[in-house]
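# Chains, contacts and geometry: an overview
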Amino acid sequence: MEKYEKNIIPKIESLYSNFTPVEKNIADFFIHNTKNMDFSSKNISEKLYVSEASLSRFSKKCGFKGYREFLFVYKRSFEEEVPVIIENCTKKVLNTYQELLSKSYALVDENQMRRITKLLTIKKRVYVYGRGSSGLAAQEIKLRFMRIGVNVESITDSHIMKMNTVLLDSDCIVIGISVSGKTVEILNSLKAAKAKGATTILITSNNEYEFKDFCDELLLLAVKENLDNGKAISPQFPILVMVDIFYTHFLHTDILNKESLHDYTLNVLNDKD
């Protein structure tokens, strides 16, 4: 990934909550528009039923001197891509993210996503094991799935993983996360879970044949040299990419009910005494 293009849309989105209702209407248009057209203030004001002065105020809130300057930047997204000079460190990080996304796309197995979705639907309890950065990802998984009604717990302490084995049975799923595939505590805990009759899933970048002996599903992650050391890119990134994919699959199995649960959870969290 050698070319990058500055885009005004993320800036508009970051300011969205500061806009008035009229300005949000203008923002929605520019965020979602994909067509090159006559963007003159006269044409856009007539199209959106707003005044030209509103377009000017909106542009100034976005950090520009006026609508003309805003439009100059916005229209660049419809022109031929122009390389932007950026620092080597920034380029290295962005290139790595792009590489990991491309590799994640290549690794996604849609049939496997459907299988995992079905398991999450029929099993009564889910436990997610992770250590270090993988433990942080495990906690994120818990928060994401709990909001849509899944009985899920994350465990990041190896001693509690061992003790948790007594609670496992065929109604449980145990998801272990180890980017390297060498975290002994995670592997041993999955073996113990399998012995108790639980369904086991290992999220890893290491496709070892022996994992199939105690894992029902092996969810492969994109990997790059030294990724698990977290030197430049967080090791959580490829984990969360894959999690987001099967989260989305799971959400769409009963989207109305799950979105209702999600909204209810957020309302409870935001409820003030």
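Scroll up for the structure.
Below you will find a few notes about this structure.

So, how was this worked out
- Residues numbered from 1 in each chain as written.
- Predicted model: local features only at pLDDT ≥ 70, side-chain atom pairs only at ≥ 80, totals over all residues.
- Heavy atoms only, no water.
- Salt bridge = Lys/Arg side-chain N within 4 Å of Asp/Glu carboxyl O.
- Helix = DSSP H or I, 4+ residues; strand = E, 2+ residues; numbered from the N terminus.
- Buried < 20%, exposed > 50% of the residue type's maximum accessible area, 1.4 Å probe, protein only.
- Axes fitted to C-alpha atoms, helices over the stretch in contact; angles between N-to-C directions.
- Parallel < 35°, antiparallel > 145°, perpendicular 65-115°, else oblique.
- Contact = heavy atoms within 4.5 Å.
- Nonpolar A, V, L, I, M, F, W, Y, C, P; charged D, E, K, R; others polar.
- 1 Å grid on protein atoms, 1.4 Å probe; cavity = no way out; pocket = protein on both sides within 12 Å on 5 of 7 lines; lining within 4 Å.
- Points joined across faces, edges and corners; volume = space filled by probe spheres on them.
- Pairing = 2+ DSSP bridges.
- Phe/Tyr/Trp six-rings, centres within 6.5 Å; stacked < 30°, edge-to-face > 60°.

### Structural notes on the pattern of salt bridges
- Here the structure, examined in full by the defined rule, presents nine salt bridges.
- The partner of Arg144 in a salt bridge is Asp244, and the shortest N-O contact between them spans 2.6 Å. You can see Arg144 sitting in helix H8 (residues 133-146) and its partner Asp244 sitting in helix H11 (residues 236-251), a full 100 residues away along the chain.
- The class of Arg144 is buried, set by a relative accessible area of 19%.

### Examining the packing of helix H2 (residues 21-32) against helix H4 (residues 52-61)
- Packing of H2 against H4 brings their axes to within 10 Å, and their N-to-C directions diverge by 75°. In terms of their interaxial angle, H2 and H4 are classed as roughly perpendicular. Along its contact with H2, which presents Val22, Glu23, Ile26, Ala27 and Phe30, the element H4 presents Ser54, Leu55, Arg57, Phe58 and Lys61.
- Looking at the contact of H2 with H4 residue by residue, the classes come out as six nonpolar, one polar and three charged.

### Overview of empty space enclosed by the protein
- Applying the stated criterion to the full structure yields one cavity of 30 Å³ or more.
- If you list the elements that add at least two residues to the lining of the largest cavity, you get strand E1 (125-130) and H8.
- In the lining of the largest cavity, the residues fall into nine nonpolar, no polar and no charged.

### Things to note about the sheet that holds strand E5 (residues 217-220)
- Overall, parallel pairing links the five strands, which are arranged E2-E1-E3-E4-E5 in an open sheet. Taken across any chain shown, the strands that pair with only one partner, and hence form the sheet edges, are strand E2 (152-155) and E5. Each adjacent strand pair in this sheet contributes to an overall mean axis angle of 20°, direction not counted.
- The pairing of E1 with E2 spans four bridges and is classified as parallel. Across the sheet, Tyr127 pairs through a bridge with Glu153, a residue of E2.
- Those strands touched by helix H10 (residues 184-195) are E1, strand E3 (172-177) and strand E4 (199-204), and its axis lies near 160° from that of E4.

### Considerations on the packing of aromatic side chains
- Inspection of the entire model under this criterion finds 17 aromatic pairs.
- Here Phe29 and Phe30 contribute two aromatic rings whose centre-to-centre distance is 5.0 Å and whose plane-to-plane angle is 75°, an arrangement assigned as edge-to-face. Neither Phe29 nor Phe30 differs from the other in exposure class; each is buried.
- Summarising the aromatic geometry, the rings of Phe39 and Tyr74 are spaced 5.5 Å apart at their centres and angled 85° between planes, so their arrangement reads as edge-to-face. Of the two residues, Phe39 sits in the loop between H2 and helix H3 (41-48) while Tyr74 sits in helix H5 (residues 67-74), which places them 35 residues apart along the sequence. Across the pair, Tyr74 and Phe39 agree in class, each one buried.
- Aromatic ring contacts, followed pair by pair, group Tyr16, Phe19, Phe29, Phe30, Phe39, Phe58, Phe64, Tyr67, Phe70 and Tyr74 into a single cluster.

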